[in-house]
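What follows is each chain in one-letter form.
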Amino acid sequence: RDYICCKLLQVKLNMAGRRNVDLPKGNVQRVDTVQVDGLTLMKILKHARENPHEAASGPLLGLVVNNTLEVTNCFPFPTRAADSDETAGMQFQKDMLVSLREVNVDHLEVGWYQTTVLGAYMTEHLISTQYEHQRQTEESVVLIFDPVRTSQGSLSLRAFRLSNAFMDLWKGQEFTSQALREHNVTFENVFKELPVVIRTSHLARALMFELEGNTLKKQFEQLDISSSSFLERNVRGLMDCVEDLATESNKYHYHQRNLQRQQQQQQQFLSKRKAENAQRIASGQSPLPEDELTNNPLFKPIPPPSRLESLLVTGQINHYCKQISQFASSNYGKLFLAQGLQES
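Residues numbered from 1 in each chain as written. Predicted model: local features only at pLDDT ≥ 70, side-chain atom pairs only at ≥ 80, totals over all residues. Heavy atoms only, no water.

Caption draft 1: Quick peek at the overall build of the protein. Within the protein one finds 12 helices and 8 strands. Classification of the 344 residues of the protein by burial places 36% in the buried group. The contacts in the protein between residues at least 6 apart in sequence include a share of 78% that link residues at least 24 apart. Accessible surface computed for the protein: about 20800 Å², of which carbon and sulfur atoms make up 53%. (Helix = DSSP H or I, 4+ residues; strand = E, 2+ residues; numbered from the N terminus. Buried < 20%, exposed > 50% of the residue type's maximum accessible area, 1.4 Å probe, protein only. Contact = heavy atoms within 4.5 Å. Areas by Shrake-Rupley, 256 points an atom, 1.4 Å probe, with all protein chains shown as cover.)

Caption draft 2: Up close: unusual backbone geometry. Within the chain, Asn66 stands out as a residue other than glycine whose phi angle is a positive 55°. By secondary structure assignment, the location of Asn66 is in the loop between strand E2 (57–65) and strand E3 (68–74). Of note, the phi angle at Leu118 is positive, near 60°, even though the residue is not glycine. For Leu118, the location among the structural elements is in the loop between strand E4 (109–115) and helix H5 (124–136).

Caption draft 3: Inspection of the nonpolar core at higher detail. Ile127, Leu162, Phe166, Val190 and Phe191 are the most contacted members of the largest nonpolar core, which has 23 residues in total. Among the secondary structure elements, those contributing two or more residues to this core are H5, strand E5 (141–145), strand E6 (157–162), helix H7 (164–172), helix H8 (177–183) and helix H12 (308–343). Sorting elements by how many residues they give to this core places H7 first, with 4 residues. In this view, Phe191 contacts Tyr121, Met122, Leu126, Ile127, Phe160, Arg161 and Leu162; residues no more than four positions away in its chain are not counted. Residues Val64, Cys74, Phe145 and Leu194 belong to the second largest nonpolar core, which totals 19 residues. (Core = buried A, V, L, I, M, F, W, Y, C linked by side-chain atoms within 4.5 Å.)

Caption draft 4: Structural detail: the pairing of strand E1 (residues 33–37). Pairing of E1 with E3, which is carried by 4 bridges, proceeds in the parallel orientation. Paired with Gln35 across the strands is Glu70, a residue of E3. (Pairing = 2+ DSSP bridges.)

Caption draft 5: Looking closely at the sheet that holds strand E7 (residues 191–194). If you walk across this open sheet you meet the 8 strands as E7-E6-E5-E4-E2-E3-E1-E8, and the pairing is mixed. Among the strands making up the open sheet, the edge pair consists of E7 and strand E8 (196–199). The average angle at which neighbouring strand axes cross in this sheet is 35°, direction not considered. Pairing between E2 and E3: 6 bridges, direction antiparallel. If you follow Val65 over to E3, its bridge partner there is Thr68. (Axes fitted to C-alpha atoms, helices over the stretch in contact; angles between N-to-C directions.)

Caption draft 6: Seen up close, the environment of Thr247. Within the secondary structure, Thr247 sits in helix H10 (residues 228–282). You can call Thr247 partly exposed: its relative accessible area is 41%. Considering only alpha carbons, one finds Thr247 and Ser310, 63 residues apart in sequence, at a separation of 9.0 Å.

Caption draft 7: Highlighting the packing of aromatic side chains. For the structure on display, the rule yields 7 aromatic pairs. Here the aromatic rings of Tyr131 and Trp170 are separated by 6.3 Å at their centres, their planes lie at 45°, and the arrangement is tilted. Of this pair, Tyr131 sits in helix H5 while Trp170 sits in helix H7, placing them 39 residues apart in sequence. With respect to class, Tyr131 is no different from Trp170; both count as buried. Chaining the aromatic ring pairs together yields one cluster made of Tyr131, Phe166, Trp170 and Phe175. Over the ring of Tyr252 we find Arg307; its NZ or CZ atom is 4.3 Å from the centre of that ring. (Phe/Tyr/Trp six-rings, centres within 6.5 Å; stacked < 30°, edge-to-face > 60°. Lys NZ or Arg CZ within 6 Å of the ring centre and 35° of its normal.)

Caption draft 8: Geometry of the pattern of salt bridges. Summed over the entire model, instances satisfying the criterion amount to 6 salt bridges. For Arg236, the salt bridge goes to Glu232, with nearest N and O atoms at 3.3 Å. Taken together, the residues span about one helical turn, with Arg236 and Glu232 both in helix H10 at a distance of 4 residues. Overall, the relative accessible area of 52% leaves Arg236 in the exposed class. Between Lys251 and Glu248 there is a salt bridge, and its shortest N-O distance comes to 3.7 Å. Residue Lys251 and its partner Glu248 are located together in helix H10, separated by 3 residues, close to a single helical turn. (Salt bridge = Lys/Arg side-chain N within 4 Å of Asp/Glu carboxyl O.)

What follows is the structure in C-alpha cells.
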C-alpha cells in the first residue's frame, strides 16, 4: 500500500522529532499496553462506517511513555481508484505528516490500523505490512477493528505485534517445516496481543454523562438474542478456512509422495550403478565416476513447500473457534434472561 512506499519518509520524521525516551537495545518487547485516545477511536469508527465494503486503514500517531503506547491521533488514507497514480497517496501522506508537525501535533508514527470482517486478520499482506513497520520502528503495533462484532453490542478493538521469533523467521523468508521448528513458531505465537485501554478526557466524560439519559434507552443491541446471522457468517468463514487447510495439506502430502518416489528411484539407480561397476571391475575396466551423480536429475533436491499459508489458516481457524465459543457463551446468558422474563 501507499504507506509502505513512503516508509522512509516517516522514519526520518520520527527520528527527527522523537522525544527523549530511553530505548533498550536489542529485540525487546518495549510496549506492554496500548492506550487509545477516545477521539482517535471515533476517527477509526467513522472511517470504518464510511467504507463498509472494503478494508479501511491508516497510520497511528503518538508516542511511547513508560512502556505504554499512547495513540493520540490518526488519519485515514483516501480511497484510491484502480487507474490512479500511487504517487498521489504518497504525496497525501507526506503532506499530512508535514502539516501535523507544523501545527505542533503528535506526528510520530507508532503503527497503523485496519478494519477486518469477523476478525480475519491472519493474512500475509497484514503480516508483511506489520513487519515493515516493526523493522523500521520497533514499538509499532497494528489495531484491528471488527465492525461486525462491534455491531453485536461489544467493541472489538485489538492490538497486535509480531513476535520476535516470527520476525526472525520472516526475515529469512524460509517457511519450511524445519524452519518453523528451528524458530519454534506456531500459529499461537505469530502475533503477540497487547491489552487496549480507551482514554477519554474529563470534559468528554462529562458530556457523555449528560447524553447518557438520552441515548441509553436506544441501546438495544446489547439485548439482541438473534444470533443466527452472526454465527452463520463465522461458521461459513470457518468452513472456508478448513477447505484452504485441506488444500495446503494435499500440497504437502503431494510433496512427501514425490520425495519418497525420488528416494526409491535413487536407490534403484545406485544399485544398478553398483552392479555395473562390479561387472566393469571384474572385466578389468575402470568403474564409472561418481561425479556424474551430481548432474543426474534424480539427485537434484525437491524444494520443500512453504508452510506459511497453512500456519496462517490454522491460526484463523483457532480465532473463529474462540469467537464462536465466546459469542455462544454470552448469548446463553441473554437466552436465560429472556426465559426468566417470560416465566415471570
